[in-house]
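Okay, here's what each chain looks like letter by letter:
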Amino acid sequence: MGEEDTVILDGAGIKRALTRIAHEILERNKGVQNLVLVGIRTGGVHLARELARRLEEIEGETVPVGEVDITLYRDDIKGHTAHLPVGKTLIPFVIEDKKMVLVDDVLFTGRTIRAAMDAIMDHGRPSCIQLAVLIDRGHRELPIRADFVGRNVPTSLKETIQVLFDPTNRPQEVVLQK
């Protein structure tokens, strides 16, 4: 961490935010019946697994977790995709008519979310897609809004936000870099 970095959320703050998001998901969806989580690679996948753990602690039922890679669906890097490493989209369950919560670490322009929705629609049609993010930093370029937000952090375009994970992929802290 550089001297210009500011910790926005520490480990305890992240845990509280994810627990609150889990409760909000349960309230909106009236439990976990027909619910699936899909994380956007890579940070969103780790957070989706954390949310699934919390949902299981609260409800006593397992919620399926999948992962989506958006590399080939991005609209801001056309022509450069041949040079990018493509990860795996792994959705080992039927998504038709499921209530899906798409999970990402940081919501910025909305382009990543749009690409993820395109990738998901290639796998089936959920009854609805809701969006959960740990951090919403503003600066939307598309009309996309998160349903569940851990923390809103207004930023300048020169700043970046990083969610740092430990070696076991548990979120450790959220850092604002100037």
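Cut-offs applied
Residues numbered from 1 in each chain as written. Predicted model: local features only at pLDDT ≥ 70, side-chain atom pairs only at ≥ 80, totals over all residues. Heavy atoms only, no water. Salt bridge = Lys/Arg side-chain N within 4 Å of Asp/Glu carboxyl O. Helix = DSSP H or I, 4+ residues; strand = E, 2+ residues; numbered from the N terminus. Buried < 20%, exposed > 50% of the residue type's maximum accessible area, 1.4 Å probe, protein only. Pairing = 2+ DSSP bridges.

Turning to the pattern of salt bridges, a few remarks are in order. Within the structure shown, the criterion is met by twelve salt bridges. As a salt-bridge pair, Glu24 and Arg20 come within 3.4 Å of each other at their nearest N and O atoms. Here Glu24 and its partner Arg20 are both found in helix 1 (residues 11-29), four residues apart, which amounts to about one turn of the helix. The exposure class of Glu24 is partly exposed, given its relative accessible area of 29%.

Below, the discussion takes up unusual backbone geometry. Of note, the amide linkage connecting Arg41 to Thr42 takes the cis form, showing an omega dihedral of 0°. Mapped onto the elements of the fold, Thr42 is located in the loop between strand 2 (35-40) and helix 2 (43-59). If you check the backbone angles, Lys30 has positive phi at about 55° while not being a glycine. With respect to the helices, strands and loops of the structure, Lys30 is situated in the loop between helix 1 and strand 2. For Asp97, which is not glycine, the phi torsion reads 60° and is therefore positive. Here Asp97 shows up in the loop between strand 3 (65-68) and strand 4 (99-107).

Time to look at the pairing of strand 8 (residues 171-177). Pairing of strand 1 (residues 6-9) with strand 8 involves three bridges; the strand directions are antiparallel. From the neighbouring strand, Val7 faces strand 8, where its bridge partner is Val175. Of the pairings in the sheet, the one linking strand 7 (residues 160-165) to strand 8 comprises six bridges and is antiparallel in character. Bridge pairing in strand 8 places Leu164 opposite Glu173.

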